[in-house]
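# Notes for the structure review
Residue strings, one per chain:
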Amino acid sequence: MKSVVKALLILAGIGLTVGLVLFFVITSRGISARAEPGAFETTVARTMRSFAVPRGERDRSNPVAYSDEVFGEGKAHWADHCAACHANDGSGETAIGLGMYPKPPDMRLPETQSLSDGELFHIIENGIRLTGMPAWGDGTPETATGSWHLVHFIRALPRLTPEDLEEMEVLNPRSAQEVRDELEMQRFLEGGGDPPRKPQPTHKHGG
Ligand code: HEC
């Protein structure tokens with residue numbers, strides 16, 4: 001009995017020491033979203049996430065047949081809703097994506113491409129807790145179909161053409177000011193209207 005109490009006290013002591021060391025490390029260095037999660041953290045997080053997708057759902061294959069039209073739908077949807085974090089090409093290299101912890105992965109790589117259709121669908125519909133990945137589904141068949149289109153589009157990320165990317169740039173969300181500047185420039189180039197004002201300084205972070 002005595003030895004059990006002794007062992008418990010030693011364990012409590014170790015726990016307290018680890019806690020204190022962590023506390024001092026965190027309070028002296030802070031926690032930055034710029035850091036890159038280590039291989040161990042990434043593996044544990046991805047494994048846990050995989051367990052969190054119900055088996056029946058993970059094994060589903062895409063019920064929507066692939067066609068050029070489906071690809072086009074997915075592309076437009078991605079450019080509008082996903083590219084702010086994931087970039088048009090799926091690399092995740094955007095101002096927002098690079099500043100997140102965890103960062104959006106490069107979805108052209110095998111780590112993402114090896115996820116099942118059902119797993120990709122589940123992630124799009126339900127999001128990923130404690131990360132920046134939002135849930136996009138609302139339980140209706142319409143959004144579910146949109147998510148299956150996106151699954152087809154994600155599969156196509158590794159082979160997007162420069163024309164696809166150009167088309168997507170037009171579809172990326174713009175501020176009213178950007179639209180005005182573009183129209184003014186277009187009118188000037190077509191020979192009408194005054195020369196455009198000095199371009200509005202684009203707001204930059206970290207530059
Ligand atoms: C606000 C930023 C943000 C937006 C917008 C966003 N995502 Fe994400 N997404 C993330 C982050 C961050 C991760 C990484 C989460 C992690 O590491 O578990 C992620 C992960 C994913 C993954 C899992 C990839 C993998 O290999 O782990 C999929 C699939 C995905 N996103 C699809 C989408 C789709 C489709 C859209 C648009 C409908 C979208 N995301 C919009 C931030 C975003």
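Residues numbered from 1 in each chain as written. Predicted model: local features only at pLDDT ≥ 70, side-chain atom pairs only at ≥ 80, totals over all residues. Heavy atoms only, no water.

What follows concerns the overall build of the protein chain. For the protein chain, the helix and strand inventory stands at 10 helices and 0 strands. Along the protein chain, helices and strands appear, N-terminal first, in the series α-α-α-α-α-α-α-α-α-α. Since a compact globule built from 207 residues should have a radius of gyration of about 17 Å, the 24 Å found for the protein chain marks it as more spread out than a globular shape. Counting only C-alpha atoms and orienting by the principal axes, one finds that the protein chain spans roughly 95 × 45 × 30 Å. The buried share of the protein chain, taken over its 207 residues, is 27%. Contacts spanning at least 24 positions in sequence make up 61% of the contacts within the protein chain whose residues lie at least 6 apart. Summed over all atoms, the accessible surface of the protein chain reaches about 14500 Å², with 62% contributed by carbon and sulfur. Charge-centre separation for the protein chain: the mean point of 21 positive side chains lies 13 Å from the mean point of 28 negative side chains. (Helix = DSSP H or I, 4+ residues; strand = E, 2+ residues; numbered from the N terminus. Rg over C-alpha atoms; globule rule 2.2 N^0.38 Å. Buried < 20%, exposed > 50% of the residue type's maximum accessible area, 1.4 Å probe, protein only. Contact = heavy atoms within 4.5 Å. Areas by Shrake-Rupley, 256 points an atom, 1.4 Å probe, with all protein chains shown as cover. Lys, Arg positive; Asp, Glu negative; His and termini not counted. Charge placed at Lys NZ, Arg CZ, Asp CG, Glu CD.)

Before going further, it helps to examine the layout of surface pockets. Take a probe with the size of a water molecule and roll it over the atoms, and the empty space left behind shows itself. Quantified by volume, the largest pocket comes out at close to 1200 Å³. Around the largest pocket, the lining is made up of 42 residues, and of these Arg46, Arg49, Lys103, Pro104 and Pro105 lie nearest the centre. Of all elements in the fold, only helix 2 (39-51), helix 4 (68-86), helix 5 (95-98), helix 6 (110-113), helix 7 (117-126) and helix 8 (141-156) reach the threshold of two or more residues within the lining of the largest pocket. The element best represented in the lining of the largest pocket is helix 4, accounting for 6 residues. Considering only residue class, the lining of the largest pocket consists of 25 nonpolar, 9 polar and 8 charged. (1 Å grid on protein atoms, 1.4 Å probe; cavity = no way out; pocket = protein on both sides within 12 Å on 5 of 7 lines; lining within 4 Å. Points joined across faces, edges and corners; volume = space filled by probe spheres on them. Nonpolar A, V, L, I, M, F, W, Y, C, P; charged D, E, K, R; others polar.)

Ranked by internal contacts, the top residues of the largest apolar core, which has 25 residues, are Trp78, Val151, Phe153, Ile154, Leu157, Leu160 and Met168. Among the secondary structure elements, those contributing two or more residues to this core are helix 4, helix 7 and helix 8. Among the elements that make up this core, the one with the highest residue count is helix 8 (7 residues). Leave out the neighbours within four places in its chain, and Trp78 touches Ala83, His86, Ala87, Asn88, Gly90, Met107, Leu150, Phe153, Ile154, Leu157 and Met168. (Core = buried A, V, L, I, M, F, W, Y, C linked by side-chain atoms within 4.5 Å.)

Moving on: the site of the ligand. Taken together, 26 residues lie near the ligand, and Cys82, Cys85, His86, Thr112 and Met133 sit nearest. His86 is positioned with one of its side-chain polar atoms (N or O) 2.8 Å from a nitrogen atom of the ligand. Within the side chain of Thr112, one N or O atom sits 2.6 Å away from an oxygen atom of the ligand. With respect to the pocket detection grid, the ligand is positioned in the largest pocket. Of all the secondary structure elements, the ones that give two or more residues to the shell around the ligand are helix 2, helix 4, helix 7 and helix 8. A class-by-class count of the residues in the shell around the ligand yields 18 nonpolar, 5 polar and 3 charged. (Near = heavy atom within 4 Å. Polar contact = N/O pair within 3.5 Å; in protein donor to acceptor, adjacent residues only side chain to side chain. Sits in = over half its atoms within 2 Å of the grid points.)

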